[in-house]
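If you want the building blocks of each chain, they are given just below.
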Amino acid sequence: MSGEELFELFRNQKAVKRLGRELRPKATLELTALSGSAFALTLAAAAVEKRGIHLVVMDDRDEAAYLCNDLYNFLDADRVL
């Protein structure tokens, strides 16, 4: 299974679509109980569902770097900073 196929599977999940609907200005959401790249997949799929600017805060620089790298695999490079 390719990364694109996996991304589409996540993108079509009810929970991800609901997360996309919950993303709105000044909303604070917390994703827990996700491991590995599941967090990045879920975040990327929800961000595609609800376009705009999304700020993600991680615990430290290393976690932020890993997340950024994972997001580059699922989103256009110009959408990830």
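Positions within a chain are numbered from 1, following the residues in the order the chain's sequence is written. Note on the predicted model: pLDDT of at least 70 is required for a residue's local features to be given, and 80 or more for side-chain atom pairs to be given and counted; whole-chain, interface and lining totals, by contrast, use all residues. As a convention, hydrogens and water are excluded, and side-chain values are obtained from all of the structure's heavy atoms.

**Q** Could you give an account of the confidence of the model for the protein chain, naming the residues involved and the relevant values?
**A** Confidence along the protein chain averages 86 in pLDDT terms, with 100% of residues attaining 70 or more. Confidence scores here are pLDDT values: one per residue, from the predictor, ranging 0 to 100. Elements are defined by DSSP. Helices are runs of H or I of four residues or more, strands are runs of E of two residues or more, and each kind is numbered from the N terminus. Looking across the protein chain, the model is least confident in helix α1 (residues 3-11), with a mean pLDDT of 83, and most confident in helix α4 (residues 61-74), with 92.

**Q** Pulling in residues and values, what's your account of the nonpolar core?
**A** Generally speaking, nonpolar side chains in soluble globular proteins are found buried as a group. What is meant by a nonpolar core is a set of buried Ala, Val, Leu, Ile, Met, Phe, Trp, Tyr and Cys residues, joined one to another through side-chain atoms within 4.5 Å. With a 1.4 Å probe rolled over the protein chains alone, any residue whose accessible area is under 20% of its type maximum counts as buried; one over 50% counts as exposed, and the rest are partly exposed. In terms of nonpolar packing, the biggest core is built from 15 residues, with Phe7, Ala44, Leu67, Leu71, Phe74 and Leu75 touching the most fellow members. Put simply, the parts of the chain that give this core at least two residues each are α3 (38-49) and α4. A contact between two residues is defined here by any heavy atoms of the two lying within 4.5 Å. Those residues in contact with Phe7, other than ones at most four positions away along the chain, are Leu41, Ala44, Ala45, Val48 and Phe74.

**Q** Give a description of α3 that names residues and reports values.
**A** Taking 1.5 Å per residue, twelve residues should reach 16 Å; α3 reaches 16 Å between its end C-alpha atoms and fits that length. Across the twelve residues of α3, eleven count as buried, placing the element largely inside the fold. Within α3 the residues assigned to the buried category are Ala38, Phe39, Ala40, Leu41, Thr42, Leu43, Ala44, Ala45, Ala46, Ala47 and Val48. At its buried positions, α3 is contacted by α1, α2 (14-22) and α4. In a helix, the anticipated span is given by 1.5 Å times the number of residues less one.

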